[in-house]
Amino acid sequence: MDGDRLARCIQCGLCLPSCPTFALTPLERANPRGRIGLMRAVDRGEMAADDPAFAEAMYYCVGCRACETACPAGVEFGLLLEDARAVIETAESAGRPPAFPREILLDALPRPGRLRLGARLLRLYQRTLGRMRWWSKRLERWRPDVARFLSLAPPVPPQSRRWRIPAELAPAAVGGGSAPRARGTVALHPGCVQPILFPEINADSAQVLAYNRWRVVSPEGFRCCGALHAHQGRREEARAQARINVAAFEESGADTLVSNAAGCGAFLEEYGELLRDDPDWAERAADFSGRVVDVTEHLVKEGLRRPVRAFGIRVTYDDPCHLIHGQRVARAPRLVLAAIPDLEVVPLAESTWCCGSAGIYNLTHPEAADRLSRRKIDRIVETGAEMVVTGNPGCMVQIAAGLRAIGSPVRVVHPMSLLRAAYELPALLPR
Amino acid sequence: MLTDRALVGLQEATHKGRVLTAREDLLTYASDATPLLRQTPGAIVIPKDAEEVAAILALANEEGFAVVPRGAGTGLSGGAVPTESSVVLLFPSWNRIQEIDVANAMAWVDPGVVTADLHAAVEAEGLFYPPDPGSMRVCTIGGNVAENAGGLRGLKYGVTKDYVQGLEAVLPTGEWVRLGGKAVKDVAGYGLKDLLIGSEGTLAVFTRVLVRLVPKPVRTRTLLAGFGSLAAAGEAVATILAERIVPCTLEIMDAVTIGAVEAFGNLGIPEGLEALLLIEVDGHPAAVEDESHAVGAICRRLGARRVRRATSEEEAEDLRSARRAAFSALARLGPTAILEDATVPRSAVPEMLVRIREIADRHGATFGVFGHAGDGNLHPTCLTDVRDRNAIARAEAAFEEIFAAAIALGGTITGEHGVGLAKRRFLARQVGDASVRFMRQIKAVLDPNHVLNPGKVFEPGPRCEHPPLGHPRHAEATA
């Protein structure tokens, strides 16, 4: 583990109230200070790297990085956690999360063909066996892990070409008319799961960027960013993904890489650090990371075209952890919402608190994830909002599942979908 | 190691609570917020009520193990650092504010209540609990009482002991006592409550605390003044107080701290400042207006380069952020930041600042100083690296001289952090051998077997009261 990074923690404990898992389990091993204490113990050799308790403590963390926002000493906890999990992986600790569904997902995410096949099978399942109560009950008894995986998944849309974002989209005038001159070229990173589960988000993001007079490219070469791999201790696999994405971006000729998924964006910004020790890629990766920006931040910073359609609904905004804590972007998405006429935006209490999605945490730690989810859903329902807006596919899946579970009519919407609707017609509101 | 008999006894004594002995728990309760001090305990016990605490202490006397009570582990003197094979007591579920008695302006609270939560709860009733230690969003009332915690409002409002009206506690022998109560005047017998406040977990484990509250100030005004010399800032502090204005906050930051804050926060502080004063006055709106203008005028008269007076709460928060960021900004400069709390009479603050600078330079150590100028409580903060033995040795040497300077100026080695482990070897120098003997006698009477937080406050005695820890800072640095 990186000694300098590990030495930064001064044990002051100011992170404690920001830690979602410490609120669930009030023990030091469930908070950032205690986790760093364990990392130091392993570093000193007082605890074995393959001690299952070490892996369990490191994987109990949701990795939300709220502690980084709270930290006075600038501890890079996200990177420390990656370090620790890489050590655990190397040690092949028995305390790692179970192989299902971790291995299948880590294997499939970088391979679009397999992902699409999986999505088709999942859709078929959801429309047949998945509807039968007797089967669900039996599966629950037989393989609770598989049952959980299947129950969390949102309804998978048909994998049609309709939602594919074009390789290149020219600037467009709202409501048709002659195309305006481009302000520049941006590349849109589509993510891996997002185009399959929420295909409209990429289409909406690209269209919103085009309406804001950006030429949008989305090279075929982009692949899964590798965040999940790095967060599960598989840094080498993450590095391989990083090299693919850096090369694809360089070929695209764009100046800026726009991300519309908070988890991916935060990790794309980390490539410089990830490939720091690779002489062939260090400089290229650092340059790449410097050009990554969240779509809301890009729009607000460069000047957002104000939509004219009024909405007349009440929404609330939930901060994805890796947007607010990972990328320190809190104002931009709120400014985007504020720009939409007649949209009532009510503040969400504890909006900076993790919803429990956390990569595959909701699959590996169902109980803790459910408690975090319930807390989030309670806050959302309290606002009386008709929609909750958030910009990360994992959070969208988790929050939608939580709302489904209580039969709530509140919908989960990506800010770009809302903004596109505000540019076009209220009738075009997303599903 | 704790004996098996002791562990079985602990299980029996805490059938409602929990006993933890897993390696990952022992390792994570080995330290508090004090740099360089670490010792894994023998067990962690989470008692459920006062009876269980009493049973644990009774057992400790029978079986001969040490008990170390712990709040949120934010202490800066090592007070919650375990001794070898000790039992650490935690109070995570003791977090209820049991009663807010508006008529008497008092509140009964569990020891595990977070200080800032108490602030919020009583302020909703128009009341005010002034002590505001830097870790107030994390630290607990039990720990505050044990350490007699201070904060930014000390000058006008005093410290924790000024707001403790009553206590329920378990003594080291396992007896439960209630001291004080809601009667404001109460002179029945010895003032034992005050003996337990600030006893650093060595004389009692608090099970319930009755705090005194005051009316919430109606108005607060905030000013930030920058000075080209430390002397001018010191003179401004003296003049403000001499003109019979008692600000609720009167904070100073030196040039190193200002530089760090500006580098970290980009708050737009002009260059070339040697000292920054954050001043807040509170009370009746009319008085606050007068006083804040008077304070601004004094600062300008004494050569302040720039005086900003907040006209809105947002602006006030802006000004406060410079001081709030002080420790954070300094902590980011070095891998390790050692924060101390040498305190002098307020008239000696300028002299003390000069001496700290001189001592730091002589030892080649990097120090930033900030603190509570109004009550003389300074925070010399050494930026160093735990992994560098020489740097740590230089820091230790500089701190030793800083404490000596504080004592020479009529001050103290600790204004609000406590003696704990970190400063016990300096205690006799300040209070004298007779006082230390007196303290030891009290400890011996209340805790004849030295089971409660042994080794804190005093150096281990000649008969070696409990596991000798030597100089743990040095021990750690070599580890």
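Residues numbered from 1 in each chain as written. Chains lettered and ligands numbered in written order. Predicted model: local features only at pLDDT ≥ 70, side-chain atom pairs only at ≥ 80, totals over all residues.

A closer look at the overall build of chain B
Working step 1: When helices and strands are counted, chain B shows 16 helices and 18 strands.
Working step 2: Along the three orthogonal principal directions, the C-alpha set of chain B runs to about 70 × 60 × 40 Å.
Working step 3: Here chain B holds 479 residues, and 55% of them are scored as buried.
Working step 4: Counted over contacts in chain B with a minimum sequence separation of 6, partners at least 24 positions apart contribute 73%. (Helix = DSSP H or I, 4+ residues; strand = E, 2+ residues; numbered from the N terminus. Buried ≥ 20, exposed ≤ 12 C-beta atoms within 10 Å, placed from the backbone. Contact = placed C-beta atoms within 7 Å.)

Side note on the overall build of chain A
Working step 1: Check the secondary structure of chain A and you find 24 helices and 9 strands.
Working step 2: Overall size of chain A, expressed as C-alpha extent along the three principal axes, is 70 × 55 × 40 Å.
Working step 3: Among the 431 residues that make up chain A, the fraction classed as buried is 53%.
Working step 4: Contacts spanning at least 24 positions in sequence make up 76% of the contacts within chain A whose residues lie at least 6 apart.

Re helix H11 (residues 313–333) of chain B
Working step 1: Spanning 21 residues, H11(B) covers 30 Å between terminal C-alpha atoms, matching the ideal 30 Å at 1.5 Å per step.
Working step 2: Within H11(B), the full set of buried residues consists of B:Leu319, B:Ala322, B:Arg323, B:Ala325, B:Ala326, B:Phe327, B:Ser328, B:Ala329, B:Leu330, B:Ala331 and B:Arg332. (Expected span 1.5 Å × (residues − 1).)

Looking at the packing of helix H12 (residues 349–362) of chain B against helix H13 (residues 389–408) of chain B
Residues and elements named next belong to chain B.
Working step 1: The geometry of H12 relative to H13 is characterised by a closest axis approach of 10 Å and an angle of 155° between their N-to-C directions. Viewed along their axes, H12 and H13 adopt a mutual orientation that is roughly antiparallel. Of the two possible hands of crossing, H12 and H13 adopt the one that is right-handed. Contacts between H12 and H13 involve Met352, Arg355, Ile356, Ile359 and Ala360 from the first element and Ala398, Glu401, Ile402, Ala405 and Ala406 from the second.
Working step 2: Its residues assigned to classes, the contact of H12 with H13 comprises 8 nonpolar, no polar and 2 charged. (Axes fitted to C-alpha atoms, helices over the stretch in contact; angles between N-to-C directions. Parallel < 35°, antiparallel > 145°, perpendicular 65-115°, else oblique. Left-handed = near helix turned anticlockwise from the far one by under 90°. Nonpolar A, V, L, I, M, F, W, Y, C, P; charged D, E, K, R; others polar.)

Here we look at the pairing of strand E6 (residues 314–317) of chain A
Residue and element names in this part refer to chain A.
Working step 1: Two elements, E6 and strand E7 (residues 344–346), share 3 bridges in a ladder whose sense is parallel. If you follow Thr316 over to E7, its bridge partner there is Val346.
Working step 2: The pairing of E6 with strand E8 (residues 387–389) spans 3 bridges and is parallel. Bridged to Val315 within E8 is Met387. (Pairing = 2+ DSSP bridges.)

Focus: the environment of B:Glu62
Working step 1: Structurally, the position occupied by B:Glu62 is in helix H3 (residues 50–63).
Working step 2: B:Glu62 sits 387 residues away from B:Asn449 along the chain, and the two C-alpha atoms are 9.3 Å apart.

Examining the interface of chain A and chain B
Working step 1: Each partner contributes residues to the interface: chain A has 25 residues there, and chain B has 27 residues.
Working step 2: At the level of elements, helix H1 (3–7), helix H3 (32–44) and helix H4 (52–60) of chain A are the ones that each hand at least two residues to the side of chain A that touches chain B.
Working step 3: With 4 residues, the single largest contributor to the side of chain A that touches chain B is H3(A).
Working step 4: Taken together, the residues of the side of chain A that touches chain B break down into 15 nonpolar, 5 polar and 5 charged.

A look at the sheet that holds strand E10 (residues 205–212) of chain B
Residues and elements named next belong to chain B.
Working step 1: Within the open sheet, the 5 strands sit side by side as E5-E6-E10-E8-E9. Their pairing is antiparallel. The sheet terminates laterally at strand E5 (97–101) and strand E9 (176–180), the two strands that pair on one side only. Averaged over all neighbouring strand pairs, the angle between strand axes comes to 10°, with direction disregarded.
Working step 2: Here strand E6 (residues 106–109) runs beside E10; their pairing, made up of 4 bridges, is antiparallel. Residue Ala107 lies in a different strand from E10, and its bridge partner there is Val211.
Working step 3: Here H3 sits on the sheet and contacts strand E8 (164–170), E9 and E10; the angle it forms with E8, its principal contact strand, is near 55°.
Working step 4: Contacting E5 and E6, helix H4 (residues 115–123) runs over the sheet at an angle of about 35° to E5.

Concerning the environment of A:Glu270
Working step 1: Along the polypeptide, A:Glu270 turns up in the loop between helix H15 (262–268) and helix H16 (271–274).
Working step 2: For A:Glu270, a count of 24 C-beta atoms within 10 Å puts it in the buried group.

Quick notes on the sheet that holds strand E2 (residues 43–46) of chain B
Residue and element names in this part refer to chain B.
Working step 1: Judged by pairing direction, the sheet is mixed, and its 4 strands sit side by side in the order E1-E2-E4-E3 without closing on themselves. Two strands bound the open sheet, and with one partner strand each, they are strand E1 (18–20) and strand E3 (67–69). Pairs of neighbouring strands in the sheet enclose a mean axial angle of 25°, with direction left out of account.
Working step 2: The sheet contact formed by E1 and E2 spans 3 bridges and is antiparallel. Among the inter-strand pairings, Val19 is bridged to a residue of E2, identified as Val45.
Working step 3: On the sheet, helix H1 (residues 4–13) packs against E1, E2 and strand E4 (87–89) and is oriented at approximately 15° with respect to E2.

Things to note about the confidence of the model for chain B
Residues and elements named next belong to chain B.
Working step 1: Summing up the model confidence of chain B, the mean pLDDT is 92 and the portion of residues at 70 or higher is 96%.
Working step 2: Contacts from residues 463–479, a stretch scored under 50 in pLDDT, to residues over four places away or in other chains number 29 contacts.
Working step 3: Interface confidence for the predicted complex, expressed as ipTM, amounts to 0.91; the pTM equals 0.93. (pLDDT = per-residue confidence, 0-100.)

Quick word on the pairing of strand E4 (residues 256–259) of chain A
Residues and elements named next belong to chain A.
Working step 1: Bridge count between strand E2 (residues 185–189) and E4: 4 bridges; the pairing is parallel. Each residue of the ladder has a partner; that of His189, found in E4, is Ser259.
Working step 2: By the bridge criterion, 3 bridges tie E4 to strand E5 (residues 292–294) in an arrangement that is parallel. Considered in E5, the bridge of Val258 is made with Val293.

Considering the packing of helix H12 (residues 199–211) of chain A against helix H24 (residues 415–423) of chain A
All names here are of chain A.
Working step 1: Relative orientation of the contacting elements H12 and H24 amounts to 50°, with a least axis distance of 8 Å. Compared by their axis directions, H12 and H24 come out oblique. For H12 against H24, the interelement crossing comes out left-handed. Facing Glu200, Ile201, Asp204, Ser205, Gln207, Val208 and Tyr211 of H12, the residues of H24 in contact are Met416, Ser417, Leu419, Arg420 and Tyr423.
Working step 2: Class assignment of the residues belonging to the contact of H12 with H24 gives a composition of 6 nonpolar, 3 polar and 3 charged.

Notes on H12(A)
An α-helical turn contains 3.6 residues, so a residue and the one three or four places further along point in the same direction.
Working step 1: The end-to-end C-alpha distance of H12(A), which contains 13 residues, comes to 19 Å, matching closely the 18 Å that a straight helix rising 1.5 Å per residue would cover.
Working step 2: With 13 of its 13 residues buried, H12(A) lies for the most part within the structure.

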